[in-house]
Amino acid sequence: MTISGAFAYDNVFLVDGVDVNDNLFGTANNLFIEDAIDETQVLTSGISAEYGRFSGGVVNMVTKTGGNEFSGSFRVNVSNDSWNGETPLTVSQEDTNNYIYEATFGGYILRDALWFFAAGRDREDSGSDQLITPGQPEAGIPYPTTAEQQRLEGKLTGSFGPRHRVMLSYLDIEDDRTNQINFAPSPSLDGIVAEESVPQTGLSVTYTGVLSDSFFLEGL
(Lines give C-alpha, C1' and ligand atoms only; values in the text may rest on other atoms or scores of the structure.)
Protein backbone atom coordinates (compact mmCIF):
# COMPACT_ATOMS: atom_id res chain seq x y z
CA MET A 1 0.00 0.00 0.00
CA THR A 2 1.37 3.39 -1.00
CA ILE A 3 0.09 6.61 0.61
CA SER A 4 1.21 10.09 -0.44
CA GLY A 5 3.93 8.62 -2.64
CA ALA A 6 5.89 7.12 0.27
CA PHE A 7 7.39 3.63 0.42
CA ALA A 8 4.96 0.91 1.55
CA TYR A 9 6.89 0.33 4.78
CA ASP A 10 6.62 4.05 5.67
CA ASN A 11 2.96 3.70 6.71
CA VAL A 12 1.69 3.01 10.21
CA PHE A 13 -1.03 0.40 10.89
CA LEU A 14 -2.77 0.50 14.27
CA VAL A 15 -5.39 -1.69 15.98
CA ASP A 16 -6.88 0.03 19.03
CA GLY A 17 -3.82 2.26 19.10
CA VAL A 18 -1.29 -0.61 18.97
CA ASP A 19 1.25 -0.68 16.13
CA VAL A 20 0.84 -3.91 14.11
CA ASN A 21 3.25 -3.04 11.29
CA ASP A 22 5.25 -5.66 9.45
CA ASN A 23 8.41 -3.64 8.85
CA LEU A 24 9.74 -6.09 6.26
CA PHE A 25 6.85 -6.05 3.77
CA GLY A 26 5.09 -2.80 4.75
CA THR A 27 1.77 -4.50 5.55
CA ALA A 28 -0.29 -5.00 8.71
CA ASN A 29 0.00 -8.20 10.74
CA ASN A 30 -3.43 -9.86 10.84
CA LEU A 31 -4.03 -9.19 14.53
CA PHE A 32 -7.74 -8.62 14.10
CA ILE A 33 -11.05 -10.34 13.28
CA GLU A 34 -12.89 -8.68 10.40
CA ASP A 35 -16.37 -8.78 11.95
CA ALA A 36 -14.98 -7.33 15.20
CA ILE A 37 -13.83 -4.09 13.52
CA ASP A 38 -16.08 -1.14 14.30
CA GLU A 39 -14.30 1.62 12.38
CA THR A 40 -11.32 2.10 10.06
CA GLN A 41 -9.64 5.47 9.65
CA VAL A 42 -7.21 6.31 6.84
CA LEU A 43 -5.21 9.47 7.58
CA THR A 44 -3.26 10.93 4.68
CA SER A 45 -2.54 14.60 5.49
CA GLY A 46 -2.72 17.07 8.35
CA ILE A 47 -2.16 14.18 10.77
CA SER A 48 -2.09 14.82 14.51
CA ALA A 49 1.25 14.93 16.34
CA GLU A 50 0.20 11.90 18.42
CA TYR A 51 1.22 9.72 15.47
CA GLY A 52 4.80 9.32 14.33
CA ARG A 53 7.40 7.12 12.58
CA PHE A 54 5.96 7.44 9.07
CA SER A 55 6.20 9.54 5.94
CA GLY A 56 3.14 8.09 4.18
CA GLY A 57 -0.10 7.68 6.12
CA VAL A 58 -1.85 6.06 9.06
CA VAL A 59 -4.44 3.26 8.93
CA ASN A 60 -6.17 3.03 12.31
CA MET A 61 -8.65 0.25 13.13
CA VAL A 62 -10.93 0.47 16.16
CA THR A 63 -12.53 -2.75 17.36
CA LYS A 64 -16.06 -3.13 18.70
CA THR A 65 -17.02 -2.98 22.35
CA GLY A 66 -19.99 -4.29 24.29
CA GLY A 67 -22.93 -2.10 25.25
CA ASN A 68 -26.07 -2.01 27.34
CA GLU A 69 -27.82 -4.32 24.87
CA PHE A 70 -26.76 -7.87 24.00
CA SER A 71 -25.99 -8.38 20.32
CA GLY A 72 -24.01 -10.73 18.11
CA SER A 73 -23.39 -11.96 14.59
CA PHE A 74 -22.45 -15.12 12.70
CA ARG A 75 -21.08 -15.36 9.16
CA VAL A 76 -19.77 -18.09 6.84
CA ASN A 77 -17.56 -17.40 3.82
CA VAL A 78 -17.21 -20.18 1.23
CA SER A 79 -14.56 -20.34 -1.50
CA ASN A 80 -13.48 -22.99 -3.99
CA ASP A 81 -10.51 -23.00 -6.40
CA SER A 82 -12.65 -24.55 -9.13
CA TRP A 83 -14.97 -21.49 -9.08
CA ASN A 84 -12.14 -19.30 -10.38
CA GLY A 85 -11.74 -18.76 -14.11
CA GLU A 86 -8.89 -20.59 -15.77
CA THR A 87 -5.92 -18.83 -17.37
CA PRO A 88 -3.28 -20.11 -19.82
CA LEU A 89 -1.03 -20.78 -16.79
CA THR A 90 -3.63 -22.69 -14.73
CA VAL A 91 -2.26 -26.12 -13.77
CA SER A 92 -4.98 -27.50 -11.50
CA GLN A 93 -7.97 -26.26 -9.54
CA GLU A 94 -8.99 -28.43 -6.62
CA ASP A 95 -12.76 -28.79 -6.28
CA THR A 96 -12.92 -28.43 -2.50
CA ASN A 97 -15.00 -25.97 -0.50
CA ASN A 98 -13.04 -23.86 1.97
CA TYR A 99 -14.89 -22.24 4.88
CA ILE A 100 -14.26 -19.24 7.13
CA TYR A 101 -16.55 -18.94 10.16
CA GLU A 102 -16.81 -15.70 12.15
CA ALA A 103 -18.90 -15.01 15.24
CA THR A 104 -19.21 -12.05 17.62
CA PHE A 105 -21.13 -11.43 20.83
CA GLY A 106 -21.18 -8.48 23.21
CA GLY A 107 -23.16 -7.01 26.06
CA TYR A 108 -22.86 -5.77 29.62
CA ILE A 109 -21.70 -7.23 32.92
CA LEU A 110 -22.74 -4.14 34.88
CA ARG A 111 -25.07 -1.82 33.01
CA ASP A 112 -23.53 1.63 32.36
CA ALA A 113 -20.27 0.50 34.01
CA LEU A 114 -18.68 -2.70 32.65
CA TRP A 115 -19.10 -4.22 29.17
CA PHE A 116 -17.66 -7.24 27.37
CA PHE A 117 -17.12 -8.23 23.75
CA ALA A 118 -15.93 -11.55 22.30
CA ALA A 119 -15.21 -12.71 18.76
CA GLY A 120 -13.91 -15.82 17.03
CA ARG A 121 -12.73 -16.74 13.55
CA ASP A 122 -12.03 -20.24 12.23
CA ARG A 123 -10.54 -20.94 8.81
CA GLU A 124 -9.63 -24.23 7.11
CA ASP A 125 -8.21 -24.19 3.61
CA SER A 126 -7.06 -26.99 1.34
CA GLY A 127 -5.88 -26.29 -2.15
CA SER A 128 -2.93 -26.60 -4.45
CA ASP A 129 0.09 -24.59 -5.43
CA GLN A 130 2.80 -25.23 -7.97
CA LEU A 131 6.56 -25.32 -8.20
CA ILE A 132 7.89 -22.60 -10.47
CA THR A 133 10.49 -23.72 -12.99
CA PRO A 134 12.86 -20.81 -13.80
CA GLY A 135 12.09 -19.49 -17.28
CA GLN A 136 9.09 -21.81 -17.67
CA PRO A 137 6.41 -20.96 -15.08
CA GLU A 138 3.79 -22.80 -17.14
CA ALA A 139 5.65 -26.06 -16.49
CA GLY A 140 5.04 -25.94 -12.74
CA ILE A 141 4.38 -29.11 -10.74
CA PRO A 142 1.19 -28.95 -8.60
CA TYR A 143 1.24 -30.07 -4.97
CA PRO A 144 -1.40 -29.93 -2.17
CA THR A 145 -1.40 -27.30 0.59
CA THR A 146 -3.44 -26.87 3.78
CA ALA A 147 -3.91 -24.03 6.26
CA GLU A 148 -5.82 -24.02 9.55
CA GLN A 149 -6.20 -20.84 11.60
CA GLN A 150 -8.20 -19.92 14.69
CA ARG A 151 -8.49 -16.38 16.06
CA LEU A 152 -10.05 -15.56 19.44
CA GLU A 153 -10.60 -12.05 20.78
CA GLY A 154 -11.83 -10.80 24.13
CA LYS A 155 -12.41 -7.23 25.26
CA LEU A 156 -13.49 -5.61 28.55
CA THR A 157 -14.43 -1.95 28.85
CA GLY A 158 -14.99 -0.26 32.19
CA SER A 159 -16.29 3.22 32.95
CA PHE A 160 -15.44 4.70 36.35
CA GLY A 161 -17.76 7.63 36.38
CA PRO A 162 -18.31 9.91 33.38
CA ARG A 163 -14.65 11.03 33.28
CA HIS A 164 -12.61 7.80 33.29
CA ARG A 165 -12.59 4.73 31.04
CA VAL A 166 -10.30 1.67 30.84
CA MET A 167 -10.24 -0.88 28.01
CA LEU A 168 -8.49 -4.28 28.03
CA SER A 169 -8.22 -6.18 24.74
CA TYR A 170 -6.59 -9.57 24.00
CA LEU A 171 -6.25 -11.55 20.76
CA ASP A 172 -4.81 -15.04 20.30
CA ILE A 173 -4.08 -16.66 16.93
CA GLU A 174 -3.17 -20.28 16.19
CA ASP A 175 -1.92 -20.76 12.62
CA ASP A 176 -0.89 -24.20 11.33
CA ARG A 177 0.17 -24.84 7.73
CA THR A 178 1.51 -27.66 5.58
CA ASN A 179 3.47 -27.60 2.31
CA GLN A 180 3.95 -23.84 2.29
CA ILE A 181 6.63 -21.92 0.39
CA ASN A 182 7.87 -18.89 2.32
CA PHE A 183 8.90 -15.59 0.76
CA ALA A 184 9.38 -16.64 -2.88
CA PRO A 185 8.43 -19.38 -5.34
CA SER A 186 10.74 -22.37 -5.24
CA PRO A 187 11.94 -24.43 -8.20
CA SER A 188 12.20 -27.60 -6.10
CA LEU A 189 10.52 -29.42 -3.24
CA ASP A 190 13.46 -28.41 -1.01
CA GLY A 191 11.90 -24.96 -0.63
CA ILE A 192 8.65 -26.31 0.84
CA VAL A 193 8.06 -26.28 4.60
CA ALA A 194 6.25 -29.55 5.36
CA GLU A 195 4.69 -28.31 8.61
CA GLU A 196 4.88 -25.01 10.43
CA SER A 197 3.04 -23.19 13.20
CA VAL A 198 2.94 -19.37 13.35
CA PRO A 199 1.15 -18.30 16.55
CA GLN A 200 0.50 -14.61 17.31
CA THR A 201 -0.88 -12.74 20.29
CA GLY A 202 -1.95 -9.15 20.86
CA LEU A 203 -2.62 -7.36 24.15
CA SER A 204 -3.53 -3.74 24.80
CA VAL A 205 -4.65 -1.72 27.81
CA THR A 206 -5.99 1.80 27.22
CA TYR A 207 -6.95 4.50 29.69
CA THR A 208 -8.68 7.79 28.84
CA GLY A 209 -9.58 10.37 31.44
CA VAL A 210 -10.76 13.94 31.90
CA LEU A 211 -8.87 15.36 34.87
CA SER A 212 -10.22 18.88 34.58
CA ASP A 213 -12.01 21.13 32.11
CA SER A 214 -8.70 21.81 30.34
CA PHE A 215 -6.57 18.71 31.09
CA PHE A 216 -7.07 15.33 29.42
CA LEU A 217 -5.01 12.14 29.82
CA GLU A 218 -4.67 9.10 27.58
CA GLY A 219 -2.41 6.10 28.18
CA LEU A 220 -1.77 2.95 26.14
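Worth saying up front: this structure is predicted, and the values here are computed from it rather than measured.

Engineer: I would appreciate a short explanation of the packing of aromatic side chains in the present structure.
Structural biologist: Describing an aromatic ring pair means giving the distance of the ring centres and the angle of the ring planes. Applying the stated criterion across every chain, the model contains seven aromatic pairs. An angle of 10 degrees between the planes, with centres 6.1 Å apart, marks the rings of F70 and F105 as stacked. Of this pair, F70 sits in the loop between β6 (58–63) and β7 (71–80) while F105 sits in strand β8 (residues 97–110); the two residues are 35 residues apart in sequence, bridging distant segments of the chain. F105 sits in the partly exposed class, given a relative accessible area of 40%. Geometrically, the ring pair formed by F105 and F116 is tilted, given 5.8 Å between the ring centres and 45 degrees between the ring planes. Taken as a pair, F105 in strand β8 and F116 in strand β9 (residues 114–130) lie far apart in primary sequence, 11 residues in all. Here F116 falls in the partly exposed class, since its relative accessible area comes to 21%. Three or more aromatic residues joined by ring pairs form one cluster here, namely F70, F105, Y108 and F116. Over the face of the ring belonging to Y108 we find R111, whose NZ or CZ atom lies 4.5 Å from the ring centre. The ring of F32 is capped by R151, whose NZ or CZ atom sits 5.8 Å from the centre of that ring.

Engineer: For this particular structure, what's the right way to read the pattern of salt bridges?
Structural biologist: Where charged atoms of side chains with opposite charge meet at close range, the side chains can pair. A complete count under the given rule lists nine salt bridges for this structure. Between R123 and D125 there is a salt bridge whose closest N-O contact spans 2.5 Å. You can call R123 partly exposed: its relative accessible area is 31%. A salt bridge links E196 to R177, with the nearest nitrogen and oxygen atoms 3.5 Å apart. Of this pair, E196 sits in strand β12 (residues 192–197) while R177 sits in strand β11 (residues 164–181), placing them 19 residues apart in sequence. What makes E196 buried here is its relative accessible area of 19%. For R177, a relative accessible area of 25% translates into the label partly exposed. Each of E34, D35, R75, E102 and R121 takes part in a single network of salt bridges with overlapping partners.

Engineer: So what exactly am I meant to see when it comes to the layout of surface pockets here?
Structural biologist: Where empty space is left can be seen by rolling a probe of water-molecule size over the atoms. Here the largest pocket defines a volume of roughly 620 Å³. D16, G17, T206, E218 and L220 are the residues nearest the centre of the largest pocket, which is lined by 26 residues in total. Elements that contribute at least two residues to the lining of the largest pocket include exactly β1 (12–15), β6, β10 (142–159), β11, β13 (200–212) and β14 (215–219). Of the residues forming the lining of the largest pocket, the biggest block, four residues, is contributed by β6. Class assignment for the residues of the lining of the largest pocket results in nine nonpolar, 10 polar and seven charged. By volume, the second largest pocket is sized at about 310 Å³. Around the second largest pocket, the lining comprises 16 residues; the ones closest to its centre are N30, Q149, D175, R177 and Q200. At the level of elements, β4 (27–28), β9, β10 and β11 are the ones that each hand at least two residues to the lining of the second largest pocket. Ranked by residues supplied to the lining of the second largest pocket, first place goes to β10 with four residues. Tallied by class, residues from the lining of the second largest pocket come to four nonpolar, five polar and seven charged.

Each value, and the rule that gives it
- Residues numbered from 1 in each chain as written.
- Predicted model: local features only at pLDDT ≥ 70, side-chain atom pairs only at ≥ 80, totals over all residues.
- Heavy atoms only, no water.
- Phe/Tyr/Trp six-rings, centres within 6.5 Å; stacked < 30°, edge-to-face > 60°.
- Helix = DSSP H or I, 4+ residues; strand = E, 2+ residues; numbered from the N terminus.
- Buried < 20%, exposed > 50% of the residue type's maximum accessible area, 1.4 Å probe, protein only.
- Lys NZ or Arg CZ within 6 Å of the ring centre and 35° of its normal.
- Salt bridge = Lys/Arg side-chain N within 4 Å of Asp/Glu carboxyl O.
- 1 Å grid on protein atoms, 1.4 Å probe; cavity = no way out; pocket = protein on both sides within 12 Å on 5 of 7 lines; lining within 4 Å.
- Points joined across faces, edges and corners; volume = space filled by probe spheres on them.
- Nonpolar A, V, L, I, M, F, W, Y, C, P; charged D, E, K, R; others polar.

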